[in-house]
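Chain and residue survey
The primary structure of each chain is shown beneath.
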Amino acid sequence: MKKFALSLIACLFISSHYGQSLLGAWENISTNENGQSVRIVVIFSDGYQVATWFDAKNGAFISTNGGAWELDGSTLTETVEFDTQKPERVGTKVVFEIELDENTLKAKDHDLVWTRIDDGSPGALAGAWLMSGRKQNGELRSRDTNRPRKTMKILSGTRFQWIAYNTETKQFMGTGGGNYTTVDGKYTENIEFFSRDNSRVGASLVFDFDLKEGNWHHSGFSSKGAPLYEIWSLRE
């Protein structure tokens, strides 16, 4: 079941040939062979996607994978950029067939059904973003987004997830995610899973945000209480 679920995720990140958009977030909740209730949340934006498995009851992180995608008819091809279960897949392409019906999605010839969470709204930051700069000691320092070491954040209309990884070494550094809101210049994250420290599940973090010349300026305090100022740029 887990092997199939890992593969199925690659099928979720497309604009369907049925004329319906898959932009936004989807989920599946099922019980694994150990009796654990597992929630799988998929977020996808134009060109990039992420999928994460975590305990539906306590938020304990299980795994994540994702990367870039392209569609030809009903055939979805994903180029894997990170995979905590199978890092050897990084850099490879996987191909699947999908079926889409209104707000449900499944892979052909399988029973797992995915239900839509949102369609990319109402949040103001839907998309795939790379950290492109940060302010340290009052000095703004830019970051090359083309380098193998990346920090990416993918958002739908209500869900967010950040992922730190290296496409060259296939190393995974960490991830966290949950739901978010953007109201009156305030960006609020409600953490539902955190790979480095499960005790942070349930915390809410509030930041100031602003869109300047297409870049997302993000400022406030980290989950450890340290001040931060980050700049994020949309992936092309």
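Below or above, wherever it landed, is the structure these notes cover. (Residues numbered from 1 in each chain as written. Predicted model: local features only at pLDDT ≥ 70, side-chain atom pairs only at ≥ 80, totals over all residues. Heavy atoms only, no water.)

1. A few points about the overall build of the chain
How we decide: For the purposes of this entry, the term helix denotes a DSSP run of H or I that reaches at least four residues, the term strand denotes a run of E that reaches at least two, and both are numbered from the N terminus. Burial classification: accessible surface area is computed with a 1.4 Å probe over protein chains only, and a residue below 20% of its type maximum counts as buried, one above 50% as exposed, and the rest as partly exposed. Only the protein chains shown count as covering a residue, and every accessible area follows the Shrake-Rupley method with a 1.4 Å probe. Counted as positive: Lys and Arg. Counted as negative: Asp and Glu, with His and the chain ends omitted from the count. The atoms used to mark charge sites are NZ of Lys, CZ of Arg, CG of Asp and CD of Glu.
Secondary structure summary: the chain contains 1 helix and 17 strands in total. Once the C-alpha set of the chain is aligned to its principal axes, its extents read approximately 55 × 40 × 35 Å. Among the 236 residues that make up the chain, the fraction classed as buried is 48%. Per element, the accessible surface of the chain, about 11100 Å² overall, is 46% carbon and sulfur. Of the charged side chains in the chain, 26 are positive and 30 negative; the average position of the first set lies 7 Å away from that of the second.

2. Considering the layout of surface pockets
The test is simple: Using only the protein atoms, space was sampled on a 1 Å grid; points where a 1.4 Å probe fits but cannot get out form cavities, open sets with protein on both sides within 12 Å along at least five of seven lines form pockets, and lining residues are those with an atom within 4 Å of a point. Grid points are joined across faces, edges and corners, and a volume is the space filled by probe spheres set on the points. The nonpolar class holds Ala, Val, Leu, Ile, Met, Phe, Trp, Tyr, Cys and Pro. Asp, Glu, Lys and Arg form the charged class, and all remaining residues, Gly among them, are polar.
Estimated volume of the largest pocket: approximately 610 Å³. Lining the largest pocket are 27 residues; nearest its centre among them are W162, R196, S222, L228 and E230. When residues of the lining of the largest pocket are traced back to their parent elements, those giving at least two are β9 (127-136), β11 (149-155), β12 (159-166), β13 (172-183), β14 (186-194), β15 (204-212) and β17 (227-234). A per-element tally of the lining of the largest pocket places β14 first, with 4 residues. Of the residues belonging to the lining of the largest pocket, the class tally is 12 nonpolar, 6 polar and 9 charged.

3. Regarding unusual backbone geometry
That bond from S121 to P122 is cis: its omega, 15°, falls within 30 degrees of zero. Tracing the chain through its elements places P122 in the loop between β8 (114-118) and β9. Positive phi is not limited to glycine here, since N137 has a value of about 55°. Relative to the assigned elements, N137 resides in the loop between β9 and β10 (139-142). Of note, the phi angle at D184 is positive, near 50°, even though the residue is not glycine.

4. A look at the sheet that holds strand β5 (residues 75-83)
Pairing between sheet strands relies on hydrogen bonds along the backbone, with the strands arranged either parallel or antiparallel. Inclusion rule: When DSSP finds at least two bridges between two strands, those strands are taken to pair. For helices, the axis comes from a line fit to the C-alpha atoms of the stretch in contact; other axes are also lines fit to C-alpha atoms, and the angle between any two N-to-C directions lies between 0 and 180 degrees.
Strands sit in the order β1-β2-β3-β4-β5-β6-β7-β8 around a closed barrel of 8 strands; the barrel is antiparallel. Within this sheet the neighbouring strands show an average axis-to-axis angle of 35°, counted without direction. Pairing between strand β3 (residues 48-55) and strand β4 (residues 61-72): 7 bridges, direction antiparallel. Residue pairing across strands places W53 opposite S63, the latter belonging to β4.

5. Some details on the nonpolar core
Condition: Buried Ala, Val, Leu, Ile, Met, Phe, Trp, Tyr and Cys residues form a nonpolar core when they are joined through side-chain atoms within 4.5 Å.
The biggest cluster of nonpolar side chains holds 17 residues, and the ones touching the most others in it are L125, W129, L155, F160, Y180, Y187 and W216. For this core, the secondary-structure elements that each account for two or more residues are β9, β12, β14, β15 and β17. Listed in part, the 14 residues of the second largest apolar core include A128, L130, I154 and Y165.

6. Topic: empty space enclosed by the protein
Tallying each qualifying case throughout the model produces 1 cavity of 30 Å³ or more. One number sums up the size of the largest cavity: a volume of about 30 Å³. Lining the largest cavity are L130, M131, R143, D144, T145, R147, R149, K150 and T151. At the level of secondary structure, the elements contributing two or more residues to the lining of the largest cavity comprise β9 and β11. Considering every element that reaches the lining of the largest cavity, the biggest residue donor is β11, with 3 residues.

7. Here we look at the environment of T79
Structurally, the position occupied by T79 is in strand β5. Remark: the alpha-carbon pair of T79 and F44, spanning 35 residues in sequence, is separated by 14 Å.

8. As for the pairing of strand β6 (residues 93-101)
Moving residue by residue along a regular strand, the side chains alternate between the two faces of the sheet. Every second residue of β6 is oriented toward a common face, the buried set being V94, F96, I98 and L100 and the non-buried set K93, V95, E97, E99 and D101. Both β5 and β6 contribute to a ladder of 5 bridges, which runs antiparallel. Note on β6: the bridge partner recorded for E78 is V94. Pairing between β6 and strand β7 (residues 104-107): 4 bridges, direction antiparallel. Across the sheet, residue I98 finds its bridge partner in β7, namely A107. Counting the residues between successive antiparallel strands, the hairpin from β6 to β7 contains 2 residues, one of them, E102, with a positive phi of roughly 55°.

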